There are 2 protein chains.
Amino acid sequence: MNIELNQVAADQRRVAIFKALADQNRLRIIRVLYQEQREMTCSEVGAQLQISKSTVSYHFKALRLVGLTNTRQVAQTKYLSLQTATFDRYLPGFLATL
Amino acid sequence: MNIELNQVAADQRRVAIFKALADQNRLRIIRVLYQEQREMTCSEVGAQLQISKSTVSYHFKALRLVGLTNTRQVAQTKYLSLQTATFDRYLPGFLATL
DNA sequence: ATTTTAGTTCGATAATCATCAAACTAAGCA
DNA sequence: TGCTTAGTTTGATGATTATCGAACTAAAAT
């Protein structure tokens, strides 16, 4: 486990995170979660951003897979919130610019 | 010129910046510029990252178009450097994580 | 046992993107 | 006038992506 390999792994993580944020709808999801300071459901976000529920589900998955969000499930409802640790590590100060 | 329109414009800028950073080679270019703390040419970067000069030119343009880099031209040579103001405004603290 | 609710997965489509070699431009040099 | 150097632009190709509706899963309510 040498330094160069860690560098490559960290970079792949960074690229994945940037890809996840390089979409207008996902950025809007992040902003609304940050500004409302609370968990939100798929339906709630879909209604607010005017996009179909399958598309919202797709974006929720993309954000969760790169570790930018958390999901808490209660019965059939899933609550989404920001995983601030990931932002702190890879994009410190970014959320405050929104 | 209302607040919502400014918000949309700022978001488009953000998405463009994230897209520019969501590529392994462009991220490597940013890192090498940050770590070397100096201007670098297309050829120099191409040699270091082992990619063709047309591809490097393509990435240089992508970074310049979103304002992440500066270009200073001397005769037929172009020197690239980071535009730190853009990082400070949209991604404060990011460069230091590299 | 249906029906409703919340979300996921699939299939299809249209669009964007990264890459390279080849051809090109433009400046400096012999 | 060529020749070299540094970078850009132009196809062409293969890969990935965002989007939607439709079909599906699983839990809750009636």
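Residues numbered from 1 in each chain as written. Chains lettered and ligands numbered in written order. Predicted model: local features only at pLDDT ≥ 70, side-chain atom pairs only at ≥ 80, totals over all residues. Heavy atoms only, no water.

- The name recorded for chain A in an unreviewed UniProt entry is ArsR/SmtB family transcription factor, from Lactiplantibacillus dongliensis.

1. Points about the protein's contact with DNA strand D
In step 1: Lining the immediate environment of DNA strand D, one finds 21 residues, of which Thr55, Tyr58 and His59 of chain A together with Ser43 and Ser57 of chain B sit closest.
In step 2: Among all atoms of DNA strand D positioned within 4 Å of the protein, those belonging to sugar or phosphate total 66%.
In step 3: Arg26 of chain A is positioned with one of its side-chain polar atoms (N or O) 2.6 Å from a phosphate oxygen of DNA strand D.
In step 4: Here Ser57 of chain B contributes a side-chain N or O atom positioned 2.3 Å from a phosphate oxygen of DNA strand D.
In step 5: A per-class count over the surface near DNA strand D returns three nonpolar, twelve polar and six charged. (Near = heavy atom within 4 Å. Polar contact = N/O pair within 3.5 Å; in protein donor to acceptor, adjacent residues only side chain to side chain. Nonpolar A, V, L, I, M, F, W, Y, C, P; charged D, E, K, R; others polar.)

2. Digging into the sheet that holds strand β1 (residues 40-41) of chain B
In sheet architecture, strand pairing relies on hydrogen bonds along the backbone and comes in two forms, parallel and antiparallel.
Residue and element names in this part refer to chain B.
In step 1: Taken in spatial order, the three strands of this open sheet run β1-β3-β2, and their pairing is antiparallel. Only two strands of the sheet have a single partner each, and these edge strands are β1 and β2 (69-74).
In step 2: Strand direction decides the pairing type here: β2 and strand β3 (residues 77-82), joined by six bridges, are antiparallel. In the strand pairing of β3, Val74 is matched with Thr77.
In step 3: Seen against the sheet, helix α4 (residues 53-65) touches β1, β2 and β3 and runs at an angle of roughly 120° to β2. (Pairing = 2+ DSSP bridges. Helix = DSSP H or I, 4+ residues; strand = E, 2+ residues; numbered from the N terminus. Contact = heavy atoms within 4.5 Å. Axes fitted to C-alpha atoms, helices over the stretch in contact; angles between N-to-C directions.)

3. Focus: the interface of chain B and chain A
In step 1: Residue-level contacts link 22 residues of chain B with 21 residues of chain A.
In step 2: For the pair chain B and chain A, the summed buried area comes to about 1900 Å², and 63% of that belongs to carbon and sulfur atoms.
In step 3: Counting every contact that joins chain B to chain A gives two salt bridges.
In step 4: Notably, a salt bridge pairs Asp11 of chain A with Arg31 of chain B, separated by 2.5 Å at the nearest N-O pair.
In step 5: At the boundary of chain B with chain A, the tally comes to six residue pairs in polar contact (both at pLDDT 80 or more).
In step 6: Among the secondary structure elements, those contributing two or more residues to the side of chain B that touches chain A are α1 (3-21), α2 (24-36) and α5 (84-90) of chain B. (Buried area = accessible area lost by both parts, 1.4 Å probe. Salt bridge = Lys/Arg side-chain N within 4 Å of Asp/Glu carboxyl O.)

4. Concerning the pattern of salt bridges
Side chains that differ in sign of charge can pair as their charged atoms come close.
In step 1: By the definition in use, this model includes ten salt bridges over all chains.
In step 2: As a salt-bridge pair, Arg38 of chain A and Glu36 of chain A come within 2.9 Å of each other at their nearest N and O atoms.
In step 3: Owing to a relative accessible area of 36%, Arg38 of chain A belongs among the partly exposed residues under this scheme.
In step 4: Among the salt bridges present, the one from Arg14 of chain B reaches Asp11 of chain B, with a minimum N-O distance of 3.5 Å. Taken together, the positions of Arg14 of chain B and Asp11 of chain B, both in helix α1 and three residues apart, correspond to about one turn of that helix. With respect to class, Arg14 of chain B is no different from Asp11 of chain B; both count as buried.
In step 5: Salt bridges sharing partners connect three or more residues here, namely Asp11 and Arg14 of chain A together with Arg31 of chain B. (Buried < 20%, exposed > 50% of the residue type's maximum accessible area, 1.4 Å probe, protein only.)

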